[in-house]
Amino acid sequence: MVWALAGVGLLLLAALAYWQLIIAEGTYLGPRVVTLMYNWAASAYEHIKQFDPGAEQWHLGLPLAKSLDLIPAPFVLDVGTGTGRLPRALLFQPRFRGRVVGVDLSRRMLDHAVRLNDPYAGRVTFVWQDAQTLPFQDDTFDAVTCLEVLEFTPDPEAVIEEMVRVLRPGGVLLTSNRIGPDAPFLPGKAFAPHAFHEILERLPLEDVKAQDWQIDYDLVWAIKRGTVAGGGVRPLPEVLRCPACGHSPLPMRDGAYRCTGCGRAYPVAQNGVVEMAERAHQRARG
Ligand SMILES: C[S@@+](CC[C@H](N)C(=O)[O-])C[C@H]1O[C@@H](n2cnc3c(N)ncnc32)[C@H](O)[C@@H]1O
């Protein structure tokens, strides 16, 4: 009897661990665990995903580039960029002559992103920062993308709001919504298609359209409402916003973006990654 109970207990424990760590990838345990797992898996990520370059172009690079055709040099933000899959798909497109900024909380994923986007160096910048506090001014980007990320953040709806905040009116939001067999095991993180649609419709967005994409994800497109003005690439120091105090802009001096509001400095690593994540939580200077 005792052995049977112990066996059942062990099975339940194994099922719980499988759910929390394999299906949910640590999302209910907080961003530290999610980041730990992505840091750990970073070197295997591309091998696990086996991205098909043709499909990446067809579903992501080409339609996104087309949607930005009217802007000579569009400015694009990819949230939870990982190994820089979206930047690569977009920058490969000859019709896209803009720049991309990729944000991620896993420092190791970003190291791979830098290496894999080397052919486009000079047109892409990677920033180490949590998607929950995007370090950019309001209404900055012509497109904001976020693929296979929302369900791994503490509050997906808050991240969507952040993305809409930094998207300029008339800009394109492209995100994914988790569907498929594992989605019911991600309560509060994955949403039924109609519920996801409603979340977006409550925000200043229009033309919300879902599109079949992968077994586990739909693609969802939307446009930010409001008066359309300008657009195009802007200098990074001008649009960066301190994730700790909200001050902007952040001029660059001696290899770091500097907040004149709270005194924090956000250094640029040797490989070009702008390191904000940990600095934002440290105490400000004097
Ligand atoms: C499944 S990967 C997707 C990466 C990339 N978008 C792609 O489609 O290949 C999820 C990514 O989200 C990142 N991520 C998870 N939570 C995050 C957060 N709170 N802020 C920024 N990035 C986060 C992870 O580090 C990881 O790189």
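Analysis parameters
Residues numbered from 1 in each chain as written. Predicted model: local features only at pLDDT ≥ 70, side-chain atom pairs only at ≥ 80, totals over all residues. Heavy atoms only, no water. Axes fitted to C-alpha atoms, helices over the stretch in contact; angles between N-to-C directions. Helix = DSSP H or I, 4+ residues; strand = E, 2+ residues; numbered from the N terminus. Parallel < 35°, antiparallel > 145°, perpendicular 65-115°, else oblique. Contact = heavy atoms within 4.5 Å. Nonpolar A, V, L, I, M, F, W, Y, C, P; charged D, E, K, R; others polar. Phe/Tyr/Trp six-rings, centres within 6.5 Å; stacked < 30°, edge-to-face > 60°. Buried < 20%, exposed > 50% of the residue type's maximum accessible area, 1.4 Å probe, protein only. Lys NZ or Arg CZ within 6 Å of the ring centre and 35° of its normal. Near = heavy atom within 4 Å. Polar contact = N/O pair within 3.5 Å; in protein donor to acceptor, adjacent residues only side chain to side chain. Areas by Shrake-Rupley, 256 points an atom, 1.4 Å probe, with all protein chains shown as cover. Pairing = 2+ DSSP bridges. Core = buried A, V, L, I, M, F, W, Y, C linked by side-chain atoms within 4.5 Å. Domains from an automatic or database assignment. Salt bridge = Lys/Arg side-chain N within 4 Å of Asp/Glu carboxyl O.

## Let's talk about the packing of helix H2 (residues 31-49) against helix H5 (residues 107-116)
Part 1: It is at 7 Å that the axes of H2 and H5 come closest, and there the two elements cross at 25°. Relative to H5, the element H2 lies roughly parallel. In this structure, H2 contributes Tyr38, Asn39, Ala42, Ser43, Tyr45 and Glu46 to the contact, and H5 contributes Arg107, Arg108, Met109, His112 and Leu116.
Part 2: Of the residues in the contact of H2 with H5, the class split is five nonpolar, three polar and three charged.

## Describing the packing of aromatic side chains
Part 1: This structure, assessed with the given rule, holds eight aromatic pairs.
Part 2: Relative to Phe141, the ring of Phe136 has its centre 5.0 Å away and its plane inclined at 90°; by these criteria the two rings are edge-to-face. The pair formed by Phe136 and Phe141 is uniform in burial state, with each residue classed as buried.
Part 3: Members of the aromatic cluster, joined through ring pairs, are Tyr38, Tyr45, Phe51 and Phe152.
Part 4: Looking at Arg107, its charged tip hangs above the ring of Trp128, at a distance of 6.0 Å from the centre.

## A closer look at the site of the ligand
Part 1: Tyr45, Gly80, Arg85, Asp104 and Leu147 are the nearest of the 20 residues found near the ligand.
Part 2: Taking Gly80, its main chain carries an N or O atom lying 2.7 Å from a nitrogen atom of the ligand.
Part 3: At 2.9 Å from a nitrogen atom of the ligand is found a side-chain nitrogen or oxygen belonging to Asp130.
Part 4: In the complex, 98% of the free accessible area of the ligand, which totals 590 Å², lies under the protein chains.
Part 5: At three residues, the largest contribution of residues to the shell around the ligand is made by H2.
Part 6: Classifying every residue of the shell around the ligand gives 10 nonpolar, six polar and four charged.

## Points about the sheet that holds strand E2 (residues 99-104)
Working definition: the strands of a sheet are paired by backbone hydrogen bonds and lie parallel or antiparallel to each other.
Part 1: Spatially, E6-E7-E5-E4-E1-E2-E3-E11 is the arrangement adopted by the eight strands of the open sheet, whose pairing is mixed. A strand with exactly one partner marks an edge of an open sheet, and here the two such strands are strand E6 (205-212) and strand E11 (274-275).
Part 2: Bridging between strand E1 (residues 75-79) and E2 involves five bridges; their strand directions are parallel. Residue pairing across strands places Leu77 opposite Val101, the latter belonging to E2.
Part 3: Where helix H6 (residues 156-166) meets the sheet, it contacts E1, strand E4 (141-146), strand E5 (167-178), E6 and strand E7 (217-224), and its direction lies at approximately 155° from that of E5.

## Observations concerning the nonpolar core
Part 1: Counting 42 residues, the largest nonpolar core has Leu77, Leu134, Phe136, Val144, Ile160, Met163 and Leu173 as its most contacted members.
Part 2: If you tally residues by element for this core, the top one is H6, at five residues.
Part 3: Counting contributing residues per domain, this core is built from domain 1 (53-224) and domain 2 (236-281), each supplying no fewer than three.
Part 4: Look past the residues within four positions of Leu77 in its chain and what remains in contact with it is Val101, Val103, Leu134, Phe136, Phe141, Ala143, Val144, Thr145 and Val166.
Part 5: With 36 residues, the next largest nonpolar core counts Tyr45, Val76, Leu90 and Val273 among its residues.

## A word on the sheet that holds strand E10 (residues 265-267)
Part 1: Across the sheet, three strands lie side by side as E8-E9-E10; this open sheet has antiparallel pairing. Edge positions in the sheet fall to strand E8 (252-253) and E10, since each has one partner strand and no second.
Part 2: By the bridge criterion, two bridges tie E8 to strand E9 (residues 256-258) in an arrangement that is antiparallel. Its bridge partner lying in E9, Arg253 is registered against Ala256.

## Some points on the side chain of Glu162
Part 1: In this fold, Glu162 is placed in helix H6.
Part 2: Owing to a relative accessible area of 12%, Glu162 belongs among the buried residues under this scheme.
Part 3: Not counting residues up to four positions away in its chain, the partners in contact with Glu162 are Ala131, Gln132, Thr133 and Leu134.

## Quick look at the pattern of salt bridges
Part 1: Within this structure, the stated rule accounts for 16 salt bridges.
Part 2: A salt bridge links Arg107 to Asp111; its shortest N-O distance comes to 2.6 Å. Taken together, the positions of Arg107 and Asp111, both in helix H5 and four residues apart, correspond to about one turn of that helix.
Part 3: For Arg107, a relative accessible area of 14% gives the class buried.
Part 4: With a relative accessible area of 33%, Asp111 lands in the partly exposed category.
Part 5: In this structure, Arg178 engages Asp182 in a salt bridge whose closest nitrogen and oxygen atoms are separated by 3.8 Å.
Part 6: The buried category is assigned to Arg178, whose relative accessible area is 7%.
Part 7: By relative accessible area, which is 25% here, Asp182 ends up partly exposed.
Part 8: A network of salt bridges, in which partner residues are shared, links Lys49, Glu56, Arg85 and Glu148.

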